[in-house]
Amino acid sequence: MNKISIHNLSLTYSDGAQPLRDISFDIPANQISVIFGPAGGGKSSLLRTLNRLNDLTDIQDQEGSVLLDGRDLLDPSLDVIQLRRQVGMVFARPVVLPLSIKKNVTYGLEVAGETNKDLLSETVESSLKKAAIWDEVKARLDDPAIALSGGQQQRLCLARVLALEPEVILLDEPTSGLDPISTGKVEESLQDLKREYTIVLVPHSVQQAARTADQAIFLLQGELIEVNSGELMFTNPQDPRTQDYIQGRFG
Amino acid sequence: MYQLQNKMISKQKIGINPKIQKRELLITALIKAAGYSAIIFVGMIFLFLLVESIPALREVELSNLLSSRWYPIEDHYGVLPLIGGSLIITVGATLIALPFGVGTAIYLSEIAPRWLRETLKPLVEILGGLPSVVLGFLGMLILSPYLRIWLDLPTGLSALAGSILLGGIAIPTVVSISEDALDAVPKSYRDASLAMGATEWQTIWRVTLPAARSGVLTAVMLGIGRAIGETMTVMMVTGNAPILPTGIKDLFSPVRTMTATIAAEMGEVANSSTHYHILFLIGIILFLISLVVNVTASAVVFRQKKSQERILS
Amino acid sequence: MTMKLSARQYKQRLGFSLLTLMTFLTVIPIIGVIIYIIYLGLPAINLEFLTGFPREGMREGGILPAIIGTFYLTLGTATFAVPLGIGSAIYLSEYAPDNKATQLIRIAIINLAGIPSVVYGLFGLGLFVLFLGFGTSILAGSLTLSIMTLPVIISTTEEALRAVPQSFRTVSMSLGATKLQTIKKIVLPQALPGILTGVILGLERAAGETAPILFTVAAFFLPRLPNSPLDATMALPYHLYVISTQVPGMPIKIQYGTALVLLVFVLGMNLVATAIRSRARARRQW
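As the structure is a computational prediction, the values presented were derived from the model and not from experiment. Counting restarts for each chain, with residues numbered from 1 along the sequence as it is written. Chains and ligands are labelled sequentially in the order written, the chains with letters from A and the ligands with numbers from 1. It should be noted that, the model being predicted, local features are given only for residues of pLDDT at least 70 and side-chain atom pairs only at 80 or more, the latter also being counted only at that level, while totals for whole chains, interfaces and linings use all residues.

Draft legend 1. Local environment of the packing of helix H4 (residues 80–111) of chain B against helix H7 (residues 159–183) of chain B. All names here are of chain B. To get an axis, a line is fitted to the C-alpha atoms, and for a helix only the part in contact is used. The angle between two axes follows their N-to-C directions and goes from 0 to 180 degrees. A helix here means a DSSP run of H or I that spans at least four residues, while a strand means a run of E at least two residues long, and both kinds are numbered starting from the N terminus. It is the contact of H4 with H7, at a shortest axis distance of 6 Å, that shows an interaxial angle of 35 degrees. Crossing handedness for the pair H4 and H7: right-handed. Looking at the contact of H4 with H7 residue by residue, the classes come out as 19 nonpolar, 8 polar and 3 charged. Crossing handedness is read from the near helix: turned anticlockwise from the far helix by less than a right angle, it gives a left-handed crossing, and turned clockwise, a right-handed one. Following the grouping adopted for this structure description, the nonpolar residues are Ala, Val, Leu, Ile, Met, Phe, Trp, Tyr, Cys and Pro, the charged ones are Asp, Glu, Lys and Arg, and the polar ones are all others, Gly among them.

Draft legend 2. A look at the sheet that holds strand E4 (residues 59–68) of chain A. All names here are of chain A. Any two strands are treated as partners once DSSP identifies two or more bridges connecting them. Strand order in the open sheet made by the 4 strands is E2-E1-E4-E5, with antiparallel pairing throughout. Lying at the two open borders of the sheet, with one neighbouring strand each, are strand E2 (20–28) and strand E5 (71–72). The strands touched by helix H1 (residues 43–50) are strand E1 (2–13), E2 and E4; relative to E1, the strand with the most contacts, the crossing angle is about 120 degrees. Two residues qualify as a contact pair if the distance between their C-beta atoms, derived from the backbone, is within 7 Å.

Draft legend 3. Fine view of the interface of chain B and chain C. With 70 residues of chain B at the contact, the number on the chain C side is 77 residues. With 18 residues, the single largest contributor to the side of chain B that touches chain C is helix H2 (residues 18–59) of chain B. When the residues that make up the side of chain B that touches chain C are grouped by side-chain class, the tally is 46 nonpolar, 20 polar and 4 charged.

Draft legend 4. Looking closely at the sheet that holds strand E7 (residues 168–172) of chain A. All names here are of chain A. The strand order across the open sheet formed by 6 strands is E6-E7-E8-E3-E9-E10, and the pairing between neighbours is mixed. Of all the strands in the sheet, just strand E6 (87–90) and strand E10 (223–229) have a single pairing partner and so form its edges. When strand polarity is set aside, the average angle formed by the axes of neighbouring strands in this sheet is 20 degrees. Examined bridge by bridge, E6 and E7 share 4 bridges and lie parallel to one another. The partner of valine 90 across the bridge, within E7, is leucine 171.

Draft legend 5. Structural detail: the environment of Leu46(A). Residues and elements named next belong to chain A. As for its position among the elements, leucine 46 is in helix H1. Given 27 C-beta atoms within a 10 Å radius, leucine 46 is considered buried. Taking the C-alpha atoms as reference, leucine 46 lies 16 Å from proline 28; in sequence the two are 18 residues apart. Leave out the neighbours within four places in its chain, and leucine 46 touches Leu20, Ile23, Ile35 and Leu219. As a rule, residues whose C-beta atom has 12 or fewer other C-beta atoms within 10 Å are exposed, those with 20 or more are buried, and those in between are partly exposed; C-beta atoms are placed from the backbone.

Draft legend 6. The pairing of E1(A), seen in detail. Residues and elements named next belong to chain A. In terms of strand pairing, E1 meets E2 through 6 bridges, oriented antiparallel. Paired with asparagine 2 across the two strands is proline 28, which belongs to E2. Between E1 and E2, which pair antiparallel in sequence order, lie 6 residues; one of them, glycine 16, sits at a positive phi of approximately 100 degrees. Across 8 bridges, E1 lies against E4 in antiparallel orientation.

Draft legend 7. Expanded view of the interface of chain C and chain A. Contacts between the two partners involve 16 residues from chain C, matched on the other side by 19 residues from chain A. For the side of chain C that touches chain A, the secondary-structure elements that each account for two or more residues are helix H7 (166–174) and helix H8 (179–208) of chain C. Broken down by element, the residue count for the side of chain C that touches chain A peaks at 7 residues, all from H7(C). For the side of chain C that touches chain A, the class distribution of residues is 7 nonpolar, 9 polar and no charged.

Draft legend 8. Quick look at H4(B). Residues and elements named next belong to chain B. Working rule for helices: expected span equals 1.5 Å times residues minus one. In this model, H4 (32 residues) spans 44 Å end to end at C-alpha, consistent with the 46 Å of a helix rising 1.5 Å per residue. Bending is quantified residue by residue as the angle between axes fitted to the seven-residue window ending at that residue and the seven-residue window starting at it. By the largest-angle criterion, alanine 97 marks the main kink of H4, which is about 30 degrees, and a proline, proline 99, follows within four residues. Counting buried residues along H4, 24 of its 32 residues qualify, which places the element largely inside the surrounding structure.

Written out as C-alpha cells, the structure reads:
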C-alpha cells in the first residue's frame, strides 16, 4: 500500500530555477525510502514539499500532485498546520529549540493547544524512549537542551517529532554532523521506527543509503533517474548515471 | 495510555482552533498597522508643517524673507541670517568632528591595543548619551568665558563655541559608524598590503581607509545631520544674535541658528500670527534639510554587519 | 645595519602619535566633564534637594517636581513608543516582503530619526497641544517624545529579532506552530535582552531632551506635583536650562546639582542597558 504518491511534481523558484522537474514515484507505507544523489539534486526541496515547508521559501510554482493517503498536499486550501503534525521532519544539523529538553519534546503538542499535564509527561517519556535517549536524559529533563552532545541533540529532535505521533517521518541528512556511533544509533532507531511510521530519508552518503534503504530513489539535477528496491539499486543499478554515482565516479 | 493518545488534541483533524485563529488575524493586522505607522507619522509631520507654514508665504513678500534682517517685532522676517548662522556652525562643527572623529575611529580600530579600545569605546558612547542641555550648560559656564579670555573677544558666546560643542556632539556618531566601517574591511586587504612591504601607517591611508570610505562618508554625513538639528546647545552658547555671517572672522561673533530661533521665539508668539507661521516655515526648511542629508547618507551603500554593538552606541 | 629609522617609519611614528593625541583630546574632556559636574554638583545633593520643592524663585529648596516630571514623561513615552515600536519591528523583521512599500517604510524611519528635536516640538505644539486640545500636558509631551523615540526602538528591536537564527523559526513551523506562535514562544523571548537594551537607550535619549518638551509640557514652576496626564509638569532638562539662563543670582551649586541629577538619571539608564547587553551575550543559547 502506498502512503504517498507523487505525480509529475515540478517546482520553480521566483528566479526561474527549477529544483525539481516532472518527478513521479510512490512511497510505500512502513518502509524506509531513501532519496539519494549528488548535492543540488533537489532532494531537500522534494522533502520539504512533503510537509509544505517550501511555503516558507520563494517557490513560485508547484505543479503536479502529491497524494498523502489520497489527499493532495499541494492543494492551497489544505490545512498545513495539521499536515506538519502528520508529516514530521528531522533536519541536517540538530536544531534544538532554546528551551529545556522536556519543553523541546512537548513543543509541538503545546502549540496545538494540549494542556493535559499527564498526557504531556507520558509523551515525553515515550518519545524519548522511542528515540533511544530516555536513559541518558531522564534525570535532567529540565536542563537546557543545548547542553546535550550533537548526537543526543539529534535524537532529541527525533523525539520531538515522534511526540506528535506523525504518520510519516522525513529525515534530511540527519547524521551529517554526527560521529559513527551516534550515526549507528540513529540508523538502528529507524529500523525500529519503520514498523509504526513511514520513513523518507535523504542520506549523507551512498553507504548510508545502501545500509538503510528498503526502496531507493536516485535524483540527479532535479530529475528522477531510477527507482528500485534497496537491494537491487545498490547491487545492480540500471541507469549508467546511477552506476557512475554509486561507484563514486562523480559526487 | 492508548485511550489518552486518542484524545490528543493534536490528533484531531483541525489545524488550529478557530477562536485562536481569529485572535491571530487581529494581532497580525495590528502588527502590520504598526509597521506602516512610520510612514503615517512622517506624512503627518510634513503635512502639518506645510499647512502651518504656507500662510507665511502669502503674508510675507519674498523680498522680506530673503533679506538679511531678522527683527520680527518690526515685521522684518529675513531668514538669511538664520540660515547663515546654522551653516557657519555646521561647517565649523564638521571641521572639528571630521578629523577628530575619523582620527579617533582609526586609532580605536587599527592602532589601539584591545584593552584600551574596550575602555575608550564606552567613554565615547557616553559622550553620545549626554543631554545637549548639559553640554550647553557647561559650554556657557566654562567654554565661552575661556574663549573670551584666551582669544580676547568681547564675548565668548559665539559661533566658535557652538562649533566646538556641536563638533563634540557629532563625534560619537562619526566614531561609532566609522569604526564599524573600518572593522568591516577584510583582514586580507591589510595583510596583502603589509606583505608588499608597506608600513601599517601606509596601509591605513592607502588601503583600509579607502576601502571603508563609503561607511566613513555615511558617518560624517549623519554626524553633520545631528549637528544641524541641535537646539539647546546652540541656544546657550552662540549668543543668539541674528546677524548674517559673511566671513571666517564671523566665527568669533555671535550668531543665531534656525533651531535656536524656533525654540526661543515659539513661546512668545500668538497662535496663527504671521510670526507663528514664519517659525513653522523655518521648521519645514529644517525638516527638508534633514530629510536630504539623512536619506542621502543612508543611501550610500553600506550594510552594518555588527548588529547590536553599533546600534547601542 | 644602521639603527636610524627610515623616513617611512618615522612618518608612521609621527602619524600614530598624532592620532593617539587626537583620541585622547576627544576622550579626556568627556572624563573631565563628568568629574567636573560631580565635583561641583555633589555639594548641593542632600535629602532636601532631592525631595523638596523649589523656593525663593528656585534659588533654594529642592527639585523634586522636576525629577518626578522627568520620570512621568519617560513612563509616558514608554507607554506609547514601546508597543508601537516593537510591533513595527516585528512587522519589518518577520512579515514585510522585499518590495517598494517596505523600502518606503525604512526611508520613513530614517527620516524620523533625523528630524531635529525642535521640529518635533513644533509638531507637538501644533498637533497635540493646540489642534487636539490636550494643552501643555504630560500627554502631549509624551506623545511628542514617543514619535521621536520610535526610530531608535524600531531599529534596535529589528536587529535583535534578526539576530535570532532562522533555523529556530523553521523548526518551530515544522512542528505545526503558526508564525505568530513562533514569534511569541521562540523569537521574542530570545530577542528580549536586545530589545530591552534598545528601549532603555531610546528612553534615555527622551529623558534628556529639552526642545520637544519646551512648548508641549514644560512648566517653569509648579507648586504641586502633577496628578493627571493632562497636567503640565516641570522636567529636569528644562529646569536646568531655565535656572542657568533665566534666573539671575542662581547659586552655582544648585545649577551643577541639577545637572548632576540629570546626568545620573541618564547615565544610570545607560549603565543598566549595557549590563543587560553583556549578560545576555554570555547566556545566549545559540
